[in-house]
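Spelled out from the first residue to the last, the chains are:
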Amino acid sequence: MFEKTLTDLIRGIRTNKKNEQKYIAACLQEIRQEVRSNDPDVKAVAISKLTYVCSLQMLGYDMSWASFHVVEVMSSAKFLQKRTGYLAATQSFRQDTDVLMLTTNLLKKDLASGNHLEVGVALNGLAHIVTPDLARDLCQDLVSMLNHSRPYVRKKVVLVLYKLFLKFPEALRLSFPRLKEKLEDPDPSVVCAVVNVICELARKNPKNYLSLAPQLFHILNTSSNNWMLIKIIKLFGALTPLEPRLAKKLLPPITQHIQQTHAMSLLYECIHTVITGGMLNLGGNSDSLAAMCVNKLRTFLEDTDQNLKYVGLLALAKILPTHPRLVSEHRDIILRCIDDPDISIRLRALDLVVGMVNKRNCTDIVKRLMAHLLPSSNSDPTANYSPPSTLLEPAYRADIINRIIYICSQNSYSNITNFEWYIAVLVDLTYVSGVKVGEMLAQQIMDVGVRVKSARQYCVKIMQRLISDKNLLENCKLSDSNAEVLYAAAWISGEYCSFLENPVETIEFLIQPGVTKLSHNVQAVYVHAVLKIYAYWANSLVYNWDDDAKQELIQITAKLKDKVGMFSSCTDLEVQERAYNIREIFSIIHQDLINEENNLKEGNDYSSQKAPAIIAELPPLFFFYELNPVAPKAQKKVPIPEGLDLDAWINEPLPESENNESEEEEESYGYGYGQTFGGSGDLIFSNGNGATVGRRRVRKNGRKNGYESEDNEELREKVYVTIYSVLFGN
Amino acid sequence: MLKFFLLVNKQGQTRFSRYYNTQIQPEERVLMEAEISRKCLKRGDSQCSIFEFRNYKLAFRRYASLFFVIGFDEEKNHFAILELVQAYVEILNTYFDNVCELDIMFNIEKVHVILEEMVLNSRIVETNKNNVLAPVLEMDKASK
C-alpha cells in the first residue's frame, strides 16, 4: 500500500487549493483505513496526519473516533511514534474521553522509563490529559520523581504536580513537604518551577505560605533570573497584605530593581506589586516610593512603544485610588493619550482622566472629550494623525458622553464652577452626540435647572433655542436626534416662565404643528407647559389692564383653545386627559371674556376696567410653592418630635392564633404573587389577583375546619388583604 | 496563565495552535481563530499589541507574514508574555536557521515540541535557549 507522509499531505493541500475540501475528505478516507493497519509505522503516520488536519485545517473535523488508535500509538516502542501519539492526545482528548481510563498503566510505565526524553513526553502529555482519576493514581509516582536525577525531569514534574493539585486536592498535602525542599534544588530551572507553583497556590490561599518567606526572600536577593524574579515578586505581592512587616523588608530590594533593571517586565512587576501589595500605604518612605513608581510609569507613557503606553496607563489606574494627586501631576501626558490613535490606549487613558478631574481642570478635560465627538474637519488641524474610524463607533461615542456626564455630575456636581457652561455643554451634546442619549441629557438639564438658581435665567434662555429648533422637531423620530431633551426644555420653560422674554412666542412654539410627532411623555409636558406659561402671562396682563390687553388675551385664548385640540387625539391617555383638561380651562376663560365683552357692548357693566377674576386665580395653581432641591440627608436633620415612638404599634397586633394562620397565608400569597408576576408583569393586576387567591384559600380553610363562624372569616379576609397590600404595595 | 498560543498568517490561516484551556471546544476554536486573526490584522503599527478579547487578554507580535498570538488572563505580566513570544521566535530561528512560514508548516511536530519545552501546564517552564534546544536536538539524534 502506498501511503502519504504528513509532508505529502501538506503539499497536497497546498496544490489542491481549489478543491481543498474534496482533497482533505479523500485523505481522511485513507487515514481511516491506515489507522486500522497492523503496521505501527503506518498507524503512527496516519495519526500525525489526522492531528494535523483536525487541528489546523479549521474545518472542525472530529477525531474522537480515533482516540483508541491514539492510545495505541502512545504505547509504541519507538520514541518518535510515542511522541506523535502523545501530541495527538494533547490536542484531541477531552476530560470525558473514555480511553483515558486505559492510559494509567501506560503513563506509569513511561514515567518510569530510563529515557528522560520519554519521561518528558509523558509529562507533557499528562499535563494536558490528567483527570481526577489519573491524578489520584499517579500522584505517588510523581512525588517520588521530584528526586529524579535529571533536572529536566524534576522541573517538569513540579509543574505537572500543580495540575494534579487542581484535579486531586489531596495530592497537595501528600507532596508539599517534598515540593518545599525543591526550593533549594541546585538547578535554577527547578527552583523557578517551584516558585511558579507556590505563586499560584499562594494566590488562592496566601496564609499557608507565609512560613516560606525567608527562603523566598533569599532567592529574591540572590537570583538574577528575571523570569524567576517576576514570579517571586508576584508571590510576595500575595503575601504582604497578610504580613505588613514583610512589606518593609521588601522595600529595599524592590526599590533597587525598579531603579536598576532594564527589563520592562520586571520593572512592571515590581511597580505592580508595590501597588497591589499595599506597600504604598505604609507611611514613612512610601510617598517617595509612590513618586518613583509614578515617574517610572511616566517614562512608559512617553515612550513611542504603544505597549508601554497601554501597560503604563493600566498601572497608573491602580495607583489612582490611593494617590490621585501624584497621578494628576502627569495630567499633560495622560491627556495626550486620550487623543491616541489606538482605541485601547484611549479607553485606558479615559479611565484615568475620569478619576483625576477636579474643579480646575474639569472644563479643559470636558472640552478635550467633546473634541472626540466632533467630525474630523472641526478637530484641531495641528493634530498630526487622522482620527481613527472608531471615533464614529456609536459605542465609543456613548462611552465618551457617559464619561463627560459622570465627570461633571459626580459628588453633586462638585467639579462644576460654572453651571451656565455645563448647560451649554449638555445642549451641545444633544446636537453632536450621534447616539441616543436624550433621556440622560434631559435628566441632567432638569436637575441642574431645578437645583441651581443662579443659572436658571440662562437655562431658560437656552431652552428657548431648543424649543424653537425646527430641525430638532423635524428629526425627532430619528433614534439619535435626542429630541427627549425637549422634555426638559418644555418643563423648565413652564416652571420658570417668569424668565421668559416672550411667553406668547414660547407658547406658540409649544403648539407648532410638528409637536404631535414627539414622544408621548414629551407631549404631556408640552401640554402642561402651555397652560403654565399662559397662566403666568395672562396674570401679567392684569397689571396693565386695558382694552388692548383684553383683546390680545381674548385672541390668544381662542387660538389656544383650538390648538390644544391636536393633543386630544393623541393615543396616550395622559396626553389626552391633559389636553381635554386645558381645553376646558381655556373655554371657560374664553367664555368669561366674551361674556364680559358683550356686557360691555350692551353698556350695562361699568366694572370692565378690571381684569376678570379668573385670570388672577390661575397662577396659584402652578406657582404657589417654589420647588426647592432637598439634600438627600435633609430628613436626618429634622428632629423626631417629642413623644413620637417610631417603633410603637400603630395597630396592636392581632391575637396569637390569627398570626400563625396569616403567616401560613403569607407564603401562599408569595406564590400567588410570583405566579401572576411571571405571567403579566403587572403589579396592580397581580395585587387584585393575589387577593382572590387569598380568598379562595380562606374558603378552603373554612371548609376544612368546619366550625368557623361567618364573622371570623370576614375578619380574616380583611387581614389577608391588609397583609397583601403591606407586602406588595397598594 | 496562558490560555492558548496561535500562529496565524496574513491570510487568516492558522498555522499552529495550542490550547491550554480545554473549555474552549474545537467548534468554537475555528470561529475564535478567524476572529482573532481579523482583529490582529486590523491593528496597525501605531496600535499597541495587547488588547482585550472576550474574557481574555491577547498579546501578539508580528514577524514578517506571521502573527504569534498568546491568549492569557489578566494577572499575567503583559511584558513577560511579549518577551516569551520573542524568546520562542528566537529559538525557532536558531533551530530552523531563519525560520519561515513553510518551516513551521512542514515541521509542525517540532514546533509543538519546542513549545512544550518552554511552556508546560500553561506556565512558562524554560526560557533559556540552550536548555530548550538541548532535549529537542537529542530527540532528533535519537530518531536518526
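Definitions and cut-offs
Residues numbered from 1 in each chain as written. Chains lettered and ligands numbered in written order. Predicted model: local features only at pLDDT ≥ 70, side-chain atom pairs only at ≥ 80, totals over all residues. Heavy atoms only, no water. Helix = DSSP H or I, 4+ residues; strand = E, 2+ residues; numbered from the N terminus. Contact = heavy atoms within 4.5 Å. Buried area = accessible area lost by both parts, 1.4 Å probe. Salt bridge = Lys/Arg side-chain N within 4 Å of Asp/Glu carboxyl O. Polar contact = N/O pair within 3.5 Å; in protein donor to acceptor, adjacent residues only side chain to side chain. Nonpolar A, V, L, I, M, F, W, Y, C, P; charged D, E, K, R; others polar. Phe/Tyr/Trp six-rings, centres within 6.5 Å; stacked < 30°, edge-to-face > 60°. Buried < 20%, exposed > 50% of the residue type's maximum accessible area, 1.4 Å probe, protein only. Lys NZ or Arg CZ within 6 Å of the ring centre and 35° of its normal. Pairing = 2+ DSSP bridges. Axes fitted to C-alpha atoms, helices over the stretch in contact; angles between N-to-C directions. pLDDT = per-residue confidence, 0-100. Parallel < 35°, antiparallel > 145°, perpendicular 65-115°, else oblique. Left-handed = near helix turned anticlockwise from the far one by under 90°. Expected span 1.5 Å × (residues − 1). Bend = angle between axes of the 7 residues up to and from the residue.

J.: Break down the overall build of chain A for me, citing the residues and quoting the values.
T.: If you tally the helices and strands in chain A, you get 36 helices and 0 strands. Residue pairs in contact within chain A that sit at least 24 positions apart in sequence constitute 69% of those at least 6 positions apart.

J.: An account of the interface of chain A and chain B is requested, with residue identities and associated values reported.
T.: Taken together, the 58 residues of chain A in the interface contact 56 residues of chain B. Note on chain A versus chain B: buried area summed over both sides is about 5,200 Å², and carbon and sulfur give 56% of it. The interface formed by chain A and chain B contains 6 salt bridges. With its nearest N and O atoms 2.7 Å apart, the salt bridge here joins Lys 155 of chain A to Glu 126 of chain B. Run the count over chain A and chain B and you get 25 residue pairs in polar contact (both at pLDDT 80 or more). Counted by class, the side of chain A that touches chain B contains 27 nonpolar, 16 polar and 15 charged residues.

J.: Tell me about the packing of aromatic side chains, and please be specific about residues and values.
T.: Summed over all chains, the structure comprises 19 aromatic pairs over all chains. Between Tyr 413 of chain A and Phe 419 of chain A, the ring centres sit 6.0 Å apart and the planes meet at 65°, which makes this aromatic pair edge-to-face. In this structure Tyr 413 of chain A comes out as buried when scored by relative accessible area, which is 6%. Each ring, one from Phe 51 of chain B and one from Phe 60 of chain B, has its centre 6.1 Å from the other, and the planes form 75°; the classification is edge-to-face. For Phe 60 of chain B, a relative accessible area of 7% corresponds to the buried category. In this structure an aromatic cluster arises from ring pairing among Phe 5, Phe 16, Tyr 63, Phe 68 and Tyr 88 of chain B. Residue placement shows Arg 29 of chain B over the ring face of Tyr 19 of chain B; its charged tip is 4.2 Å from the ring centre.

J.: Now, about the sheet that holds strand S1 (residues 2-9) of chain B: what can you tell me, with residues and values included?
T.: The strand order across the open sheet built from 5 strands is S2-S1-S5-S4-S3 (chain B), with neighbouring strands paired in antiparallel fashion. Sheet topology places strand S2 (14-19) and strand S3 (50-53) of chain B at the edges, where each strand pairs with a single neighbour. The mean angle between the axes of side-by-side strands here comes to 20°, regardless of whether they run parallel or antiparallel. On top of the sheet, helix H17 (residues 306-319) of chain A reaches S3 and strand S4 (56-63) of chain B; it is set at about 60° to S3 of chain B, its chief contact.

J.: Give a detailed account of the confidence of the model for chain A, specifying residues and quantitative values.
T.: All names here are of chain A. Of all residues in chain A, 85% have pLDDT values of 70 or greater, and the mean over the chain is 83. Between residues 377-389, whose pLDDT stays under 50, and residues either more than four places distant or in other chains, the model counts 4 contacts. Confidence over residues 661-709 falls short of pLDDT 50; this stretch has 43 contacts with residues more than four positions distant or in other chains.

J.: So, the pairing of S1 of chain B: which residues are in play, and what are the values?
T.: Residues and elements named next belong to chain B. The buried fraction of S1 amounts to 8 of the 8 residues, a majority that puts the element mostly inside the structure. Sheet topology note: the S1/strand S5 (residues 66-72) ladder contains 7 bridges and is antiparallel. The residue of S5 that forms the bridge with Val 8 is Phe 67. Between the antiparallel neighbours S1 and S2 lie 4 residues, among them Gly 12 with a positive phi of about 85°.

J.: Can you lay out unusual backbone geometry for me, pointing to particular residues and giving the numbers?
T.: Here Asn 411 of chain A, not a glycine, exhibits a phi torsion of approximately 50°, which is positive. Here Asn 411 of chain A shows up in helix H22 (residues 394-413). The backbone of Asn 98 of chain B sits at a positive phi, close to 65°, despite the residue not being glycine. Mapped onto the elements, Asn 98 of chain B comes out in the loop between helix H2 (78-96) and helix H3 (101-106).

J.: Run through the packing of H2 of chain B against helix H5 (residues 129-143) of chain B, naming residues and quoting values.
T.: Residue and element names in this part refer to chain B. Packing of H2 against H5 leaves a shortest axis separation of 11 Å and a crossing angle of 40°. The orientation of H2 with respect to H5, classified from their angle, is oblique. Here H2 and H5 pass one another in a crossing that is right-handed. Facing H2, whose interface residues are Glu 90, Ile 91, Thr 94 and Tyr 95, H5 presents Lys 129, Val 132, Leu 133, Val 136, Leu 137 and Asp 140. Looking at side-chain class alone, the contact of H2 with H5 contains 6 nonpolar, 1 polar and 3 charged residues.

J.: Quick rundown of helix H30 (residues 547-563) of chain A? Include the residues and the values.
T.: Residues and elements named next belong to chain A. In a regular helix each residue adds 1.5 Å, so 17 residues correspond to 24 Å; H30 covers 24 Å between its end C-alpha atoms and thus fits that length. For H30, the set of buried residues is Ala 549, Lys 550, Leu 553, Ile 554, Ile 556, Thr 557 and Leu 560. Residues of H30 that are buried sit in contact with helix H28 (503-510), helix H29 (520-542), helix H31 (573-601) and helix H32 (613-623). The backbone nitrogen of Asp 548 lies 3.2 Å from a side-chain oxygen of the residue at the head of H30, namely Asp 546.

J.: Can you lay out helix H8 (residues 132-145) of chain A for me, pointing to particular residues and giving the numbers?
T.: Residues and elements named next belong to chain A. In a regular helix each residue adds 1.5 Å, so 14 residues correspond to 20 Å; H8 covers 19 Å between its end C-alpha atoms and thus fits that length. Taking the largest bend as the criterion, H8 deviates by roughly 50°, centred on Leu 138. Buried within H8 we find Leu 134, Ala 135, Leu 138, Cys 139, Leu 142, Val 143 and Met 145. Buried residues belonging to H8 abut helix H6 (104-111), helix H7 (116-129), helix H9 (151-167) and helix H10 (170-181).

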